[in-house]
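Each chain is listed here by its residues.
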Amino acid sequence: MRVLDKYIVRQYITSYLIILISFSVLFIVIEVFDRLPRVLRHTSDFWLIAQYFLLRVPYLFVLTSPVNVLLAGLFLMNSLSKYNESIAIRAAGISIFRMITPLLIIGIFISAIVALFGEYVMPKANTRQNYIYNVEMRQREVEDIRIRSNIYYSDDRFIYFIGFFDGFQNRKRIIDITQLDSDNRIIRKIQANEAIWNGEDWEFVNTHIRDFDDSELINYAFFQNIVLPYISVTPLDFIKSGKSPMQMNYMELSEYIERLQRIGDKHHRELIDLYMKISFPLANFIILLFCVPMATASMRSKGRGILFLLGLFICFLYLLVLRIFQSLGYNEIIYPLTAVLMPHIIFFSLGVFFVIKAEI
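How each quantity is defined
- Residues numbered from 1 in each chain as written.
- Predicted model: local features only at pLDDT ≥ 70, side-chain atom pairs only at ≥ 80, totals over all residues.
- Heavy atoms only, no water.
- Helix = DSSP H or I, 4+ residues; strand = E, 2+ residues; numbered from the N terminus.
- Buried < 20%, exposed > 50% of the residue type's maximum accessible area, 1.4 Å probe, protein only.
- Contact = heavy atoms within 4.5 Å.
- Areas by Shrake-Rupley, 256 points an atom, 1.4 Å probe, with all protein chains shown as cover.
- Axes fitted to C-alpha atoms, helices over the stretch in contact; angles between N-to-C directions.
- Parallel < 35°, antiparallel > 145°, perpendicular 65-115°, else oblique.
- Left-handed = near helix turned anticlockwise from the far one by under 90°.
- Nonpolar A, V, L, I, M, F, W, Y, C, P; charged D, E, K, R; others polar.
- Lys, Arg positive; Asp, Glu negative; His and termini not counted.
- Salt bridge = Lys/Arg side-chain N within 4 Å of Asp/Glu carboxyl O.
- Pairing = 2+ DSSP bridges.

Chemist: Teacher, can you tell me more about the overall build of the chain here?
Modeler: From N to C terminus, the chain includes 12 helices and six strands. Evaluated residue by residue, the chain yields a buried proportion of 46% over its 360 residues. Long-range contacts, defined as pairs at least 24 residues apart, comprise 60% of the intrachain contacts of the chain with a sequence gap of at least 6. Total accessible area on the chain stands at roughly 19500 Å², and carbon and sulfur atoms take up 61% of it.

Chemist: Would you explain the packing of helix α7 (residues 250-262) against helix α8 (residues 268-279) in this entry?
Modeler: Helix packing geometry: the angle between the two helix axes and the distance between the axes. Here α7 crosses α8 at 155°, and the two axes come no closer than 10 Å. Regarding the angle of α7 to α8, the classification is roughly antiparallel. At the point where α7 passes α8, the crossing takes the left-handed sense. On α8, the residues touching Tyr-250, Leu-253, Ser-254, Tyr-256, Ile-257 and Leu-260 of α7 are Glu-270, Leu-271, Asp-273, Leu-274, Lys-277 and Ile-278. Among the residues making up the contact of α7 with α8, the classes are represented as eight nonpolar, one polar and three charged.

Chemist: Quick question: what am I supposed to make of the side chain of Asp-166 here?
Modeler: By the secondary structure assignment, Asp-166 is in strand β2 (residues 158-166). Comment: no salt bridge for buried Asp-166; closest opposite-charge side chain is Arg-173, at 4.7 Å. Residue contacts for Asp-166: discarding those within four places in its chain leaves Arg-146, Ile-147, Arg-171 and Arg-173.

Chemist: Whenever I open this one, the sheet that holds strand β4 (residues 186-197) confuses me. Can you help?
Modeler: The strands that make up a sheet are held in pairs by hydrogen bonds between backbone atoms, and each pair lies either parallel or antiparallel. Strand order in this open sheet of six strands is β1-β2-β3-β4-β5-β6, and the pairing throughout is antiparallel. Edge positions in the sheet fall to β1 (147-155) and β6 (216-227), since each of these pairs with one other strand and no more. Neighbour-to-neighbour, the strand axes of this sheet turn through a mean angle of 10°, independent of strand direction.

Chemist: Help me out: how do you make sense of the environment of Leu-55 in this one?
Modeler: Topologically, Leu-55 is positioned in the loop between α2 (46-54) and α3 (57-82). With 72 residues separating them along the chain, Leu-55 and Thr-127 place their C-alpha atoms 9.3 Å apart. Other than its neighbours up to four places away in sequence, Leu-55 contacts Ala-125, Arg-128, Gln-129 and Ile-132.

Chemist: Looking at this structure, I do not really get the packing of helix α1 (residues 3-40) against α2. What am I missing?
Modeler: Here α1 crosses α2 at 135°, and the two axes come no closer than 10 Å. On the basis of their axis angle, the class for α1 and α2 is oblique. Crossing of α1 over α2 shows right-handed handedness. Listed contacts from α2 to Ile-28, Glu-31, Val-32, Arg-35, Leu-36, Val-39 and Leu-40 of α1 are Ile-49, Tyr-52 and Phe-53. Across the contact of α1 with α2, the residue classes break down as eight nonpolar, no polar and two charged.

Chemist: Would you explain the pattern of salt bridges in this entry?
Modeler: When their charged atoms lie close together, side chains carrying opposite charge are able to pair. Counted according to the given criterion, the structure contains eight salt bridges. Residue Arg-35 is joined to Glu-31 by a salt bridge in which the shortest nitrogen-to-oxygen separation is 3.0 Å. Taken together, the positions of Arg-35 and Glu-31, both in helix α1 and four residues apart, correspond to about one turn of that helix. Here Glu-136 makes a salt bridge to Arg-128, at a shortest N to O gap of 3.2 Å. Taking the relative accessible area as the measure of exposure, Glu-136 reaches 29% and is therefore partly exposed. What makes Arg-128 partly exposed here is its relative accessible area of 32%. Taken together, the salt bridges that share partners define one network made up of Glu-31, Arg-35 and Arg-56.

Quick look at the structure:
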């Protein structure tokens, strides 16, 4: 590593750590002022309250990381420009892209750290914070939703209706199953009063099975107890998780989405949240590209200040566009993958444009 690289890395990391600690303290203070009165209504235990607020730090770290990354980069570039170090670097024949290469490597490294932090630390911290607030403070249990009614779903030419599901006893009641042929005509109708999970299969009770051919009834049978092996869903598939996507890691959320897909439940929101776990950390790398104009600014401090504010504006615009596309995806206006990737593609292209323009 060159002396220049070491200098840039040292200066950047110093600025980043100062900004990170400052932002963490600031946001914790804001959280305390906002939520403390509500918390004090339920407990006065100092250690419990301290845990509750400290467990908010991982979420704040992930959320504000792109801002921290950009601010550190802007401070570094402003310093290089202010003391004409960037001019000396370019005079030595070093390109702008080569000069910012250490920053881009740091951006990739921070993106990986944020991704790992969001995968392993933040879900546990959010789960623990939720448990402290609901169980230890409010004396309420956090449970999955095990009682559901009027469930519709379809699977491989079968249409299912379940009037009531009891996840505590693993029972279904008022069951109506319709089987369709390739032309979407009814070929079988199964109606049962109840189904009980035996650990491996559903045992249907008081079941009526009718077979049709071209809308004509050709066979009817009644079974007091019968197992239908092609009913592949399990009781777990019907249980809605009491955890929010922020309280699940990638694998947990992925498995939960598969459960929702098996019973035909809406899962757009969860799918977008799953993609966001991978894509959001990329913002920490992309946002660094917008520091480049500061490196080529040889203007007075007022002009550098305008560029500094412009960089911050672009950062907050980036985060705003991320949320707008996320909302469009939540409301099924655009595809989940489009909702997640499009903001990154737009701002990465814009960042590359700034780098190329600065190089010219």
